[in-house]
Amino acid sequence: MSWKYCWRCGAQLSVNAIFCIRCGVKQPSLPDEELIAEVYKIKEQLEKLRENLVRGIISEKSYEKIKVELEDKLNRLREKIKEKIKSIKEAAQELMRKKEELNDELELVKARFSIGDLALQQYNTIRLKLEKDIEEISKHIERGKLKLERLEKLLQ
Ligand SMILES: [Zn+2]
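These lines cover the structure that appears in this document, whether it is placed above or below. Fair warning: this is a prediction, and the values are worked out from it, not measured in the lab.

## Side note on helix α2 (residues 60-114)
Given 3.6 residues to a turn, an α-helix orients residues that are three or four positions apart in the same direction.
For step 1, the next point in the chain: Spanning 55 residues, α2 covers 78 Å between terminal C-alpha atoms, matching the ideal 81 Å at 1.5 Å per step.
For step 2, the next point in the chain: One or two positions beyond α2, positive phi appears at G116, with a value near 80°.

Written as structure tokens, this is what we have:
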């Protein structure tokens, strides 16, 4: 059986788990999941390494060597995460721009209707369509924010 790690609390979960068995938070869908799991795995390994040094199970020399390796891995993952964060932020900006455009369009349609330039049925059709698109974009933006929070947490 393969495992993943809760992005919030680090609990070990079955790879298909939708919710964390420890803290109950919803688990992200692929592909960030693998990245997140990898980071938690390395962090856990670093902790265990330190523990084993303190308990005298491993030598200082081995500790230092493996620590450097793990930290290198972690740094490479952090670079990947930073790239992802950057692209999500760019996408969010694009979505915000689009949302603003649609809001302007909606305003315009309302204004036209207010002077009798649009029939009621026509107005309602256009308005509903725009409102639906705006809602869809807002959801996208929210999802992006959650994703960002999750990824930024990994950089701490
Ligand atoms: Zn959890």
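Now that the structure has been shown, the text picks up again.
## Points about the environment of A111
For step 1, the next point in the chain: Along the chain, A111 turns up in helix α2.
For step 2, the next point in the chain: The exposure class of A111 is exposed, given the 11 C-beta atoms found within 10 Å.
For step 3, the next point in the chain: Taking the C-alpha atoms as reference points, A111 and K4, separated by 107 residues in sequence, lie 53 Å from one another.

## Things to note about the environment of E142
For step 1, the next point in the chain: Mapped onto the secondary structure, E142 falls in helix α3 (residues 120-154).
For step 2, the next point in the chain: For E142 and E100, which are 42 residues apart along the polypeptide, the C-alpha to C-alpha distance reads 15 Å.

## Let's talk about the nonpolar core
For step 1, the next point in the chain: Formed by Y5, C6, W7, I36, A37, V39, I81, L151 and L154, the largest nonpolar core amounts to 9 residues.
For step 2, the next point in the chain: Put simply, the parts of the chain that give this core at least two residues each are α1 (32-54) and α3.
For step 3, the next point in the chain: If you count residues domain by domain, this core takes at least three from each of domain 1 (1-29) and domain 2 (31-154).
For step 4, the next point in the chain: Dropping the residues within four chain positions of it, L154 is found in contact with I36, V39 and I81.

Rules and cut-offs
- The residue numbering used here restarts from 1 in each chain and proceeds along that chain's sequence as written.
- Restriction of local features to residues with pLDDT of at least 70 applies here, the model being predicted, together with a cutoff of 80 or more for giving and counting side-chain atom pairs; totals for whole chains, interfaces and linings are based on all residues.
- Each helix is a run of H or I in the DSSP string that is no shorter than four residues. Each strand is a run of E no shorter than two, and both are numbered from the N terminus.
- Given the number of residues in a helix, its expected span is that number minus one, multiplied by 1.5 Å.
- Whether a residue is buried, exposed or partly exposed follows from its count of other C-beta atoms within 10 Å of its own C-beta, namely 20 or more, 12 or fewer, or something in between, respectively; the C-beta atoms are built from the backbone.
- To form a nonpolar core, buried Ala, Val, Leu, Ile, Met, Phe, Trp, Tyr and Cys residues must be joined through C-beta atoms within 7 Å.
- Either an automatic procedure or a domain database provided the assignment from which the domain bounds are taken.
- We call two residues in contact whenever the C-beta atoms placed from their backbones are within 7 Å.

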